[in-house]
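A closer look at the structure
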Amino acid sequence: MTIRRSLAAAAVATVLALLPNTAQAAESYPDPQPITGQQIIHDPTVIHLKSGGYVAYSTGGIIGARLSKDRVQWDDAGNAFATPPSWWYEYNSTGDPWAPDISYRHGQYWLYYAVSSWGTNHSAIGVATSPTGLPGTWTDHGKAFTSETTDTWNAIDPAVIKADGKLWMTFGSYWTGIRMAELDSKTGKAIEGTTVHHLATRPDAPYAVEGPYIVKHGHYYYLFASYDACCAGVNSTYKIRVGRSTSVTGPYVDSTGKPLLEGGGDLLLAGHGRFIGTGGESVFKDKGRDVLAYHYYDADDSGTPKLGLNTLGWTKNGWPIVL
């Protein structure tokens, strides 16, 4: 280890030692880490590829792709798919998918994504696999989970986690909030008749909580979610809240003990300065650290959605904080 790395590690250790025991104070929100190149993105999911470098997928195009060698310079890399699978048009007349999630297991990459239309829960979550995780290499396997207008949940914004030897998918947007279903680990699709667990909601309609992502840290599972309104440029009010549970299926509570099913959730990151409407988040591992990926609307660029990246630290009591 070089002297520079030693000093950097010592600095991080000092910051973590000084962190509060609970959630982040609003006045301490850091700006996203500087990046260059193609910064425009919405609902990012990022992974450090086994072959080296990084890929980010997002809402926009046919699941828009970005590539980076160093997590600083990002280049446009086209789309995950060359053409939309035909079944997408059952749920969206334009064939536009939303909010992808990338993961790696069983020697291949898995990509989940949502197909729907604004304001309806006639929605579907699809699944695809790739040997490399790179755009243009994905094989679509159809629907993994669906919702209809008779359901009290909305099958969009998927995120997958393996826990207790089982594969789980969180999802949800409005329609009573965040849900979870068990997947078949081989097919990647929902187990027939699976229980749909309820993880988080708001006290009153329209509930305004979506985009879940679960991370295991220590003895707890942490549920991150986006609250309030996205997709309105500088008028967006998106913010990221978090709760935790000793069980992946909940119940999740915030640092005061308030259940996320009763409107609880510690505020992790909200808009500040030019960085408006922070949300659409995911978390990935990089060199042993947890990194939060999200989008914000740039008030200095007409509200254009851009990629935000920040390292996550953990307080003495095991709560996440943005660094």
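Residues numbered from 1 in each chain as written. Predicted model: local features only at pLDDT ≥ 70, side-chain atom pairs only at ≥ 80, totals over all residues. Heavy atoms only, no water.

So the rule is basically this: UniProt positions are given in the numbering used here, feature names are shortened, and annotations may be inferred rather than shown by experiment.
In the nomenclature of an unreviewed UniProt entry, the protein corresponds to Arabinan endo-1,5-alpha-L-arabinosidase from the organism Streptomyces sp. R35. On record in UniProt, under Pathway (unreviewed entry), the comment for the protein is "Glycan metabolism; L-arabinan degradation." For the protein, the Sequence similarities (unreviewed entry) comment in UniProt is given as "Belongs to the glycosyl hydrolase 43 family."

Some details on the side chain of Ser226
Note the threshold: Strands here mean DSSP runs of E at least two residues long; helices mean DSSP runs of H or I at least four residues long; both are numbered from the N terminus. In protein, a polar contact requires one atom able to donate a hydrogen and another able to accept it; more generally it is a pair of N or O atoms within 3.5 Å, and residues adjacent in sequence count only if both atoms are side-chain atoms. Only heavy atoms enter the contact rule, under which two residues are in contact if any of them lie within 4.5 Å.
Structurally, Ser226 is set in strand 15 (residues 220–227). In this structure the side chain of Ser226 is engaged in a polar contact, spanning 2.5 Å, whose partner is the side chain of Glu281. When sequence neighbours within four positions are dropped, the list of residues in contact with Ser226 reads Ala208, Val209, Glu210, Gly211, Tyr238, Lys239, Gly279, Gly280 and Glu281.

A look at the sheet that holds strand 5 (residues 73–79)
Rules: In this description, strands pair whenever DSSP reports at least two bridges between them.
Read across the sheet, 5 strands follow the order 1-5-4-3-2 without closing on themselves; strand pairing throughout is mixed. Looking at which strands have only one partner, the edges of the open sheet turn out to be strand 1 (36–37) and strand 2 (45–48). Bridging between strand 4 (residues 64–68) and strand 5 involves 3 bridges; their strand directions are antiparallel. Looking across to strand 5, one finds that Leu67 is bridged to Asp75.

Looking at the sheet that holds strand 15
Note the cut-off: Working convention: axes come from line fits to C-alpha atoms, limited for helices to the stretch in contact. Angles between N-to-C directions cover 0 to 180 degrees.
In space, the 4 strands of this open sheet follow the order 14-15-16-17, with antiparallel pairing throughout. Strand pairing shows two members of the sheet lacking a second neighbour, strand 14 (209–217) and strand 17 (266–269), which therefore form its edges. The sheet shows a mean angle of 30° between the axes of neighbouring strands, direction not considered. Here strand 14 pairs with strand 15 via 7 bridges, running antiparallel. Within the sheet, the bridge partner assigned to His217 lies in strand 15 and is Tyr220.

Describing unusual backbone geometry
The condition is simple: Categorising residues by exposure relies on relative accessible area from a 1.4 Å probe, with only protein chains included: less than 20% of the type maximum marks a residue as buried, more than 50% marks it as exposed, and the intermediate range marks it as partly exposed.
Look at the link from Ala205 to Pro206: it is a cis peptide, with omega at 10°. With respect to the element layout, Pro206 can be found in the loop between strand 13 (197–200) and strand 14. With a phi close to 55°, Asp43 is a non-glycine residue in the positive phi region. Judged by its relative accessible area of 14%, Asp43 is buried. Backbone geometry places Ile63, a non-glycine residue, at a positive phi of 70°. Following the sequence through the fold, Ile63 ends up in the loop between strand 3 (54–58) and strand 4.

A closer look at the UniProt feature "active site" (unreviewed entry) in the protein
Under the feature "active site" (unreviewed entry), the UniProt entry names Asp43 and Glu210. Maximum C-alpha separation among the annotated residues is 11.3 Å over a sequence range of 168 residues, consistent with a single clustered spot. Looking at the element boundaries, Asp43 is found in the loop between strand 1 and strand 2. Residues contacting Asp43, with those up to four places away along its chain left out, are Tyr57, Ser58, Thr59, Ala99, Pro100, Gly280 and His295. A polar contact is formed between the side chain of Asp43 and the side chain of His42, at a distance of 3.1 Å. Mapped onto the elements of the fold, Glu210 is located in strand 14. The residues contacting Glu210, other than those within four sequence positions of it, are Asp157, Gly172, Ser173, Tyr174, Ile178, Ala225, Ser226, Cys230 and Tyr238.

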